[in-house]
Amino acid sequence: MIGLISATAAGTAARDRLATAWPGRTRVYDGPVRETVQRAFAECEQLVCFLATGAAVRLLAPLLADKATDPGVVCVDEAGRYAVSLLGGHGGGANSLAAEVGSVLAATPVITTATDATGVPGLDTLGLPTEGALAAVTRAMLDGAPVTLRADTVWPLPPLPPNVRRGGPLGGGGVAAAPLGGDEGGAAGHAISGTPKAVAPHTASPDRTRGPVSAAPGNGGPRVLVTDRVVDLGPVDVVLRPPSLVVGVGASRGVGVDEVYGLVLDSLGDAGLSPLSVVELATVDAKADEPGIVGAADRLGVAVRTYPADALAAIDVPNPSGAPLAAVGTPSVAEAAALAAGRGGELLVPKRKSSPEGRPAMATCAVVRRAPRGRLAVVGLGPGARDLLTPRAAAELRRASVLVGLDQYVDQIRDLLRPGTRVIESGLGHEEERARTAVAEARAGHAVALIGSGDAGVYAMASPALAEAADDIDVVGVPGVTAALAAAAILGAPLGHDHVSISLSDLHTPWEVIERRVRAAAEADIVVTFYNPRSRGRDWQLPKALALLAEHRTATTPVGVVRNASRPDGTSHLTTLARLDPATVDMMTVVTVGNTATREIAGRMVTPRGYRWQSEGTR
């Protein structure tokens, strides 16, 4: 809950705007300011104070306890010009809250945390639990000091700066340090021109030794360790806990929370595994509401995943039993559920029973380590104007440690990338190779962004990439503003009714197929936007397509021609089906042909939402 506090009429007006914009997320506090701040501080996860920063500091200072538990606080000035992240920028979420407040109130977010100011991702903002010398290692990263990253395997982390270099695997022999985001050429962020080539990153092989592992703390300087295992930390070490462990749990009816929770902790501790890396408890459907299992999951801060008994019964396990078969219909609950939730991962802890004093065990558990899954974001950049690049697309570009794209598209957004991002770029004609490269990098465990213009799913990179990708990586689609939509906004409202986009390029589609689609659109009286209408080597397809449309539409049918929509050198003009000169069209142009109801009104191209067109005199 976000507490809203104001002291003046102007602050109250802005406060009420936030409350209206965020129903259900906010709670308005009225009354004397000191009392309301104290109540809100105790009751809310975040605060927005419409107060001077000095007043807010004096009111908040006596209440501060610990940065891990204090709420995030944003302070907005009297005029609503600035939203200042005052307290708990990372841990309390005040930085992101300041940006949200700014978007609602048209205020400028003020973020002063060093990592955000320099573009270096804060280790406490990666969504992974941390332990150790977080502040000291972060400072070393910011200062450019050598920092070593050691990991059991590759996880899809965002790009870390070039001074963070990968060392040997935990528990294994040391290897020469390499840049974390580097390629075979050595330098992080190196651009590969020409045909893209998948780069083989250094991937540490997991050490399968049970029990605590020594990470050999010593004289090597600051380190970032990524592991689910218990490790010995040095004074300038920080460990990130990846979401790698799933715990399968079986239980008798009425089992207590303490018994389940204690069994899980004991099993993890004896195996040298951290409970902070547990991502979920898994069990059979019949135990979905078992209080002991649900309570243990709550203590661990994870969800409970359940599976049908017949699905668990089909999983081969090392320790089947007749008791669960008779009780819930599967010879294994703990091991089978852990293996099901572990997505083919390694069984680290076979079935283990609880050991209460003086009575039979009522709980069993097993632990599986999931293999890490890389992440592929297919990102649409929009038609080219920076203000038509969506905030979600910009966030994905900054999240990716590997960027794959057409060289001219990479140039458009290179300034948005974090330091240390590895860029793999190539020219026109290498679309399939780029798709394969992006998928291969994601399979290697990286966070990858594959970029395309407009919407990446419309005549762009999403199709070849998803045709290549299997279910072994996570795929995220990020929509973008298409060229057709950008052109339509410039022309007026040509897409007000049914419309279709057709590419006239026969490089991938036989002309016979394209012609059949154009004829169908013509006969159906659908507005048509032509992509890839004409190039130096393809100069007859557009005249042919226009002739097909002319068989069903009048010569005066409006036609919009937009080149480089939304860009500084963009041009547009309205003409008609009879007067359009194909020689004025190229590959950077989209051509929109209206239907029989489309009209030119005040220099704009308009297709009505219905076919009952009103005359000019009655409008």
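Sequence order as written defines the numbering, with residues in each chain counted from 1. Given that the model is predicted, a residue must reach a pLDDT of at least 70 before its local features are reported, and side-chain atom pairs must reach 80 or more before they are shown or counted; all residues, however, enter totals for whole chains, interfaces and linings. To get the side-chain values, all heavy atoms of the structure are used, and hydrogens and water are removed first.

## Regarding the side chain of glutamate 259
Then, number 1: Within the secondary structure layout, glutamate 259 lies in helix H7 (residues 257–270).
Then, number 2: Glutamate 259 gets classed as buried once you look at its relative accessible area, which sits at 11%.
Then, number 3: Within the structure, the side chain of glutamate 259 is placed 2.5 Å from the side chain of serine 354, a separation counted as a polar contact.
Then, number 4: A distance of 2.9 Å separates the side chain of glutamate 259 from the backbone nitrogen of methionine 362, its partner in a polar contact. We count a stretch as a helix when DSSP gives it H or I for four or more residues in a row; a strand needs E for two or more, and each element gets its number in order from the N terminus. Using a 1.4 Å probe on the protein chains alone, a residue whose accessible area is under 20% of its type maximum counts as buried, one over 50% counts as exposed, and one in between counts as partly exposed. Pairs of N or O atoms are called polar contacts if they sit within 3.5 Å, as long as, within protein, a hydrogen donor faces a hydrogen acceptor (for residues adjacent in sequence, only side-chain-to-side-chain pairs).

## Here's the deal with the packing of helix H17 (residues 511–523) against helix H18 (residues 541–550)
Describing two packed helices takes the angle between their axes plus the distance from one axis to the other.
Then, number 1: For helices, the fitted line uses only the C-alpha atoms of the stretch in contact; every axis is such a line through C-alpha atoms, and the angle between N-to-C directions lies from 0 to 180 degrees. Running from N to C, H17 and H18 point in directions that differ by 30 degrees, and their axes come no closer than 9 Å. Of the possible angle classes, the one that applies to H17 and H18 is roughly parallel. Considering how the two elements wind past one another, H17 and H18 form a crossing that is right-handed. Residues Trp511, Glu515, Val518, Arg519 and Ala522 of H17 form the contact with H18, whose participating residues are Gln541, Lys544, Ala545, Leu548 and Leu549.
Then, number 2: Charged means Asp, Glu, Lys or Arg here, nonpolar means Ala, Val, Leu, Ile, Met, Phe, Trp, Tyr, Cys or Pro, and polar covers whatever is left, Gly included. Within the contact of H17 with H18, the residues separate by chemical class into 6 nonpolar, 1 polar and 3 charged. In what follows, roughly perpendicular refers to angles from 65 to 115 degrees, roughly parallel to angles under 35, roughly antiparallel to angles over 145, and oblique to any angle outside these ranges. Each helix crossing is assigned a hand: it is left-handed if the near helix lies turned anticlockwise from the far helix by less than a right angle, otherwise right-handed if that turn is clockwise. Two residues qualify as a contact provided that any one of their heavy atoms is within 4.5 Å of a heavy atom in the partner residue.

## Focus on the packing of aromatic side chains
Then, number 1: Stacked, tilted and edge-to-face pairs are distinguished by plane angle, under 30 degrees for stacked and over 60 for edge-to-face with tilted covering the rest, among Phe, Tyr and Trp rings (Trp via its six-membered ring) whose centres lie within 6.5 Å. Taken as a whole and judged by the stated rule, the model has 2 aromatic pairs.
Then, number 2: Seen in terms of ring centroids, tryptophan 511 and tryptophan 540 are 5.0 Å apart; in terms of plane orientation they differ by 70 degrees. Their pairing is edge-to-face. Residue tryptophan 511 is found in helix H17, and its partner tryptophan 540 is found in the loop between strand S26 (527–531) and H18; the two are separated by 29 residues along the sequence.
Then, number 3: Definition used: whenever NZ (Lys) or CZ (Arg) falls within 6 Å of the ring centre and also within 35 degrees of the ring normal, the charge is taken to sit over that ring. The side chain of arginine 25 reaches across the aromatic face of tryptophan 22, ending 4.6 Å from its centre.

## Description of unusual backbone geometry
If a residue is not glycine, its phi is most likely negative; likewise, a peptide bond is most likely trans.
Then, number 1: For alanine 106, which is not a glycine, the phi torsion comes out positive at approximately 60 degrees.
Then, number 2: Looking at the secondary structure, you find alanine 106 in the loop between helix H4 (94–105) and strand S6 (108–110).
Then, number 3: On the basis of relative accessible area, alanine 106 is assigned to the exposed category, the value being 70%.
Then, number 4: For arginine 343, which is not glycine, the phi torsion reads 50 degrees and is therefore positive.
Then, number 5: Structurally, the position occupied by arginine 343 is in the loop between helix H11 (334–341) and strand S17 (346–353).

## Some thoughts on the pairing of strand S16 (residues 303–307)
Then, number 1: As paired elements, strand S15 (residues 278–284) and S16 share 5 bridges and run parallel to each other. Bridge pairing in S16 places leucine 281 opposite valine 304.
Then, number 2: We call a crossover right-handed when, viewed with the strands running away from us, the connection from the first strand over the helix to the second turns clockwise. For the crossover that starts at S15, traverses helix H8 (residues 291–300) and ends in the parallel S16, the hand is right-handed. Only strands that DSSP links by at least two bridges are regarded as paired with each other.

## Let's talk about the pattern of salt bridges
Note on pairing: side chains with opposite charge can pair once their charged atoms come close.
Then, number 1: Here, a salt bridge means any side-chain nitrogen of Lys or Arg that lies within 4 Å of a carboxyl oxygen of Asp or Glu. According to the stated counting rule, one finds 28 salt bridges in the structure shown.
Then, number 2: Arginine 15 is the partner of aspartate 16 in a salt bridge, and the nearest nitrogen-oxygen pair spans 3.1 Å.
Then, number 3: For aspartate 16, a relative accessible area of 34% translates into the label partly exposed.
Then, number 4: A salt bridge links aspartate 228 to arginine 369; the shortest N-O distance between them is 2.9 Å. Linking aspartate 228 in the loop between strand S12 (223–226) and strand S13 (237–240) with arginine 369 in strand S18 (residues 363–369), this pair joins segments that are 141 residues apart in sequence. Each member of the pair, aspartate 228 together with arginine 369, is buried.
Then, number 5: Look at the salt bridges and you will find they share partners, linking Arg15, Asp16 and Asp30 into a network.

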